[in-house]
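# Remarks on the overall topology
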Amino acid sequence: MPMEEYSLEDIPGVGEKTAKKLMDIGILDLQTLAHSSPVEIARAADISEDVAEKIISKAKELLGLTVFEDALSILDREKNALRITTSSKNLDKLLGGGVWTQAITETWGHFASGKTQLGFQLAVNVQRPMEEGGLGRNCLWIDTEGTFSSLRISQMAEALGMDIQKVLKNIIVAKVTSASHQMEVVEKYAPKIIKEKDIGLIVVDSITANFRAEYIGRGELAERQQKLNSHLHKLKRLADAYNLAVYVTNQVMMKPDVIFGDATVPIGGTPIAHISNYRIYLKKSKGNLRIAGLADASNLETGEVQFLITKEGIRDPEE
Ligand code: GTP
Ligand code: MG
């Protein structure tokens, strides 16, 4: 949770000028600074990595976070992680209770597999009170494909008996048109919106489309991966600093060298696999039935479950 007691300039060595440079890359407070890397801070503020490291340590100290943490305090921090229900018991179970804060959850799958629909459901559910599986907080939706739908959100909110106007007001939509725009929104504008609007969920739908469209040739692959990697790291930092959930969607592409078995793989490859804590693949089944499976997660058993996309939203199939 944001702590307002200290500001960036309370750190020795951080004056007005340095603070401004940090704010330019979305570091508005000590929380975010404490979760940053020395390389990034050094580059942004035009200081040496040693100095950057000292600044980060000081931020941690002021926040009562130590550089070295014992496993018990890590457990304590992880215990602060919260969950947002998906409105499907099956899906919640697959995710260990719902979509977690302090983590990036990624879905990947073909068109109409339900990636965006699940995002809509989460954007509604994050606003519900904790006892109903929400966080009582709001949503920042980064729309890269122009598929955000207020109408669909209204249907889902209505089905839950929520105040539709209020639900819509509490979803802030950023339409982004390029990879650099997308990165800028996350770095520069998101931190401010998160604080002002009490954001508990960031959706990026989709995380890869712009990157894929702009870095096409084989020669550009390395640069694309590096940019995507940095983008995901910034999202993860926001998830940690503000105890919020990040949900990203991803398309699939045909893997040319697979002859047998499933020849589709998520776009983005290694960076996303490395940084997303929960990776779910979605598959179309009969009618409005969908299949979800955990691609990999360090602390959950892998398996597949079924869910439905209904007029009301994401639901479980009848038992
Ligand atoms: P792409 O973005 O194209 O890659 O697909 P996606 O995985 O994001 O698909 P999305 O989540 O948009 O799912 C679309 C599907 O959801 C549709 O094909 C429908 O099957 C279902 N759907 C959407 N709206 C409704 C609705 O109001 N009622 C019902 N029953 N199903 C809906
Ligand atoms: Mg979609």
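So, here's what we can say about the structure.

What counts as what
Residues numbered from 1 in each chain as written. Chains lettered and ligands numbered in written order. Predicted model: local features only at pLDDT ≥ 70, side-chain atom pairs only at ≥ 80, totals over all residues. Heavy atoms only, no water. Helix = DSSP H or I, 4+ residues; strand = E, 2+ residues; numbered from the N terminus. Buried < 20%, exposed > 50% of the residue type's maximum accessible area, 1.4 Å probe, protein only. Contact = heavy atoms within 4.5 Å. Areas by Shrake-Rupley, 256 points an atom, 1.4 Å probe, with all protein chains shown as cover. Phe/Tyr/Trp six-rings, centres within 6.5 Å; stacked < 30°, edge-to-face > 60°. Near = heavy atom within 4 Å. Polar contact = N/O pair within 3.5 Å; in protein donor to acceptor, adjacent residues only side chain to side chain. Nonpolar A, V, L, I, M, F, W, Y, C, P; charged D, E, K, R; others polar. Axes fitted to C-alpha atoms, helices over the stretch in contact; angles between N-to-C directions. Parallel < 35°, antiparallel > 145°, perpendicular 65-115°, else oblique. Left-handed = near helix turned anticlockwise from the far one by under 90°.

## Some details on the overall build of the protein
Looking only at helices and strands, the protein features 13 helices and 13 strands. Classification of the 319 residues of the protein by burial places 50% in the buried group. Long-range pairs, those at least 24 residues apart, make up 66% of the contacts in the protein between residues at least 6 apart in sequence. Accessible area for the protein stands at about 15,600 Å²; split by element, carbon and sulfur atoms hold 53% of it.

## A look at the packing of aromatic side chains
For the structure on display, the rule yields 4 aromatic pairs. Relative to Trp 141, the ring of Phe 120 lies with its centre 5.0 Å away and its plane at 25°, an arrangement referred to as stacked. One end of the pair, Phe 120, is in helix α7 (residues 115-125); the other, Trp 141, is in strand β4 (residues 138-143), with 21 residues separating them in the sequence. Ring geometry for Phe 120 versus Phe 148: centroids 5.7 Å apart, planes at 85°, classification edge-to-face. One end of the pair, Phe 120, is in helix α7; the other, Phe 148, is in the loop between β4 and α8 (150-159), with 28 residues separating them in the sequence. The exposure classification of Phe 120 matches that of Phe 148, with both residues buried. One aromatic cluster in this structure is built from Phe 120, Trp 141 and Phe 148.

## Some points on the site of ligand 1
The environment of ligand 1 is formed by 15 residues, the closest being Ala 112, Gly 114, Lys 115, Thr 116 and Gln 117. Gln 155 places a side-chain nitrogen or oxygen 3.5 Å from an oxygen atom of ligand 1. Arg 290 is positioned with one of its side-chain polar atoms (N or O) 3.1 Å from an oxygen atom of ligand 1. Calculation on ligand 1 without its partners gives an accessible area of 660 Å², and the protein chains cover 67% of this total. Contributions of two or more residues to the shell around ligand 1 are made by α7, α8 and β12 (304-310). It is α7 that contributes the most residues to the shell around ligand 1, 3 residues altogether. For the shell around ligand 1, a count of residues per class yields 3 nonpolar, 7 polar and 5 charged.

## Regarding the packing of helix α3 (residues 38-45) against helix α4 (residues 49-62)
Relative placement of two packed helices is described by the angle separating their axes and the distance separating the axes. It is the contact of α3 with α4, at a shortest axis distance of 8 Å, that shows an interaxial angle of 110°. Classified by the angle their axes make, α3 and α4 are roughly perpendicular. In this structure, the crossing between α3 and α4 has a hand that is right-handed. The segment α3 lies against α4, with Pro 38, Val 39, Ile 41 and Ala 42 engaging Glu 49, Ala 52, Glu 53 and Ile 56. Broken down by class, the residue content of the contact of α3 with α4 amounts to 6 nonpolar, no polar and 2 charged.

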